[in-house]
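Observations on chain architecture
Each chain, written out:
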Amino acid sequence: MDSVQHFSSPDRAISLISGQYQSFEFERHYHLDYHFGLITKGQQQFVCAGERYHVGPGDVVVMPPDTLHDGRSMAHSGYHSHVFSIEPEWFDHFLSESSIRSGLGFKSIVLNDSNVFTLLRRTHLALRSGELSQLAQDCLPYESFSAVVSKYGQTKRLEERRIGRVTLDMLRDFLMAHLADSVHLHQLAELCQLTPTQFQRHFKASVGMTPYAWFTRLRLEQAMKLLKTNLSSTEVAHQVGFYDQAHFSKSFKQTFGLTPSQVR
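We now examine the layout of surface pockets. Its volume calculated, the second largest pocket comes out at about 750 Å³. Lining the second largest pocket are 41 residues, with Ile17, His31, His35, Val83 and Ser85 positioned closest to its centre. Counting residues per element, the lining of the second largest pocket draws most heavily on helix α7 (residues 211-227), at 6 residues.

Below is the structure:
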């Protein structure tokens, strides 16, 4: 049986997910945040950058922002995972005094390190328990991820992906400012100084998704963040451009494995 829970943490830049996935499959998608997934039971398989991975109990899956991947169970019994979802800006601040200047990368997508796994699992459970003092809640994520970054973090050269005359970051900023609007293909093409046909071809080649699928994911990722601020599902749907509540709920559940009303 599939069961997914999302939790807020004391730091709004960090969200927590706990899920049992049996029949639910993650189609190819990306995240706006860093995801650190701890496999606690069962076996999961996923494809990332053309390579197939198999992970099981004790493995930590590190998925940086904008990285296309999928995910599914390897057996009928399913798998269980604990996930940290951390905004990139948190790591920017976290690393401001470190030697890692260009950007944060990791040596491997899968970390097979029992000490790191145990540390992050304890942190995940502690942040969800509600039993820590405020100072402990504030310090624990820094202490835990300091150990992970110092051992596995590495300098990553930040490369700007361009679609015509515009970077992907600029295109994202434009769409984030128009989540509730009806965006037309010709608008994006003109922004990039390309024809609509050229834009679609260049975008798919660079990103690996169609512009429509990428924009939809952007809307749903933002919807998840807004739901955690206690806005109503109806208000969130309108803010991210879904004016049919049933369509929003269906798309949200297909993407995250739970309904908007189940987010807390």
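A word on the packing of aromatic side chains. Summed over the entire model, instances satisfying the criterion amount to 22 aromatic pairs. Here Tyr21 and Phe24 contribute two aromatic rings whose centre-to-centre distance is 6.1 Å and whose plane-to-plane angle is 35°, an arrangement assigned as tilted. Residue classification places Tyr21 among the buried positions, given a relative accessible area of 4%. Put simply, the rings of Tyr34, Phe36, Phe84, Trp90, Phe91, Phe106, Tyr142 and Phe145 pair up and form one aromatic cluster.

Here we take up the packing of helix α4 (residues 168-176) against α7. Following both chains from N to C, one finds α4 and α7 inclined at 60°, their axes separated by 11 Å at the closest point. Our classification of the angle between α4 and α7 gives oblique. For α4 against α7, the interelement crossing comes out right-handed. In this structure, α4 contributes Leu168, Arg172, Leu175 and Met176 to the contact, and α7 contributes Trp214, Phe215, Leu218 and Gln222. Considered class by class, the residues forming the contact of α4 with α7 number 6 nonpolar, 1 polar and 1 charged.

Now for the pairing of strand β8 (residues 69-73). Of all 5 residues making up β8, 5 are buried, and the element is well covered by its neighbours. Two elements, strand β3 (residues 26-29) and β8, share 2 bridges in a ladder whose sense is antiparallel. Within β8, the residue paired with Phe26 across the bridge is Gly71. Here strand β5 (residues 44-48) pairs with β8 via 3 bridges, running antiparallel. The residue of β8 that forms the bridge with Gln45 is Arg72.

Turning our attention to the sheet that holds strand β9 (residues 79-86). Across the sheet, 6 strands lie side by side as β1-β2-β9-β4-β7-β11; this open sheet has antiparallel pairing. Looking along the sheet, the strands with just one partner apiece sit at the ends: β1 (3-8) and β11 (110-111). Bridge count between strand β4 (residues 34-42) and strand β7 (residues 60-63): 4 bridges; the pairing is antiparallel. Residue His35 lies in a different strand from β7, and its bridge partner there is Met63.

With that out of the way, let us pick up helix α3 (residues 134-152). Spanning 19 residues, α3 covers 28 Å between terminal C-alpha atoms, matching the ideal 27 Å at 1.5 Å per step. At Leu140, α3 is deflected by roughly 30°, the largest bend along its length, and proline Pro141 occurs up to four residues later in sequence. Within α3 the residues assigned to the buried category are Gln137, Leu140, Pro141, Ser144, Phe145, Val148, Val149 and Tyr152.

A separate point is the pattern of salt bridges. Per the stated rule, a full pass over the model turns up 8 salt bridges. Across the pair Lys225 and Asp33 runs a salt bridge, and its minimum N-O distance is 2.9 Å. In this pair, Lys225 sits in helix α7 while Asp33 sits in the loop between β3 and β4, placing the two residues 192 residues apart along the sequence. The class for Asp33 is buried, based on a relative accessible area of 7%. Each of Glu25, Asp70 and Arg72 takes part in a single network of salt bridges with overlapping partners.

Let's shift gears to the confidence of the model for the protein chain. The predicted model of the protein chain averages 91 in pLDDT, with 95% of residues at 70 or higher. Mean pLDDT values for the elements of the protein chain range from 79 in helix α1 (residues 88-94) up to 98 in β11.

Counted residue by residue, β9 has 8 buried out of 8 residues, so it is predominantly covered. Going residue by residue along β9, you find Tyr79, Ser81, Val83 and Ser85 tucked away on one face and His80, His82, Phe84 and Ile86 tucked away on the opposite face as well. Pairing between strand β2 (residues 14-21) and β9: 8 bridges, direction antiparallel. Opposite Ile14, over in β9, you have Ile86 as the bridge partner. Both β4 and β9 contribute to a ladder of 8 bridges, which runs antiparallel. Bridge pairing in β9 links Lys41 to His80.

Rules used in this analysis
- Residues numbered from 1 in each chain as written.
- Predicted model: local features only at pLDDT ≥ 70, side-chain atom pairs only at ≥ 80, totals over all residues.
- Heavy atoms only, no water.
- 1 Å grid on protein atoms, 1.4 Å probe; cavity = no way out; pocket = protein on both sides within 12 Å on 5 of 7 lines; lining within 4 Å.
- Points joined across faces, edges and corners; volume = space filled by probe spheres on them.
- Helix = DSSP H or I, 4+ residues; strand = E, 2+ residues; numbered from the N terminus.
- Phe/Tyr/Trp six-rings, centres within 6.5 Å; stacked < 30°, edge-to-face > 60°.
- Buried < 20%, exposed > 50% of the residue type's maximum accessible area, 1.4 Å probe, protein only.
- Axes fitted to C-alpha atoms, helices over the stretch in contact; angles between N-to-C directions.
- Parallel < 35°, antiparallel > 145°, perpendicular 65-115°, else oblique.
- Left-handed = near helix turned anticlockwise from the far one by under 90°.
- Contact = heavy atoms within 4.5 Å.
- Nonpolar A, V, L, I, M, F, W, Y, C, P; charged D, E, K, R; others polar.
- Pairing = 2+ DSSP bridges.
- Expected span 1.5 Å × (residues − 1).
- Bend = angle between axes of the 7 residues up to and from the residue.
- Salt bridge = Lys/Arg side-chain N within 4 Å of Asp/Glu carboxyl O.
- pLDDT = per-residue confidence, 0-100.

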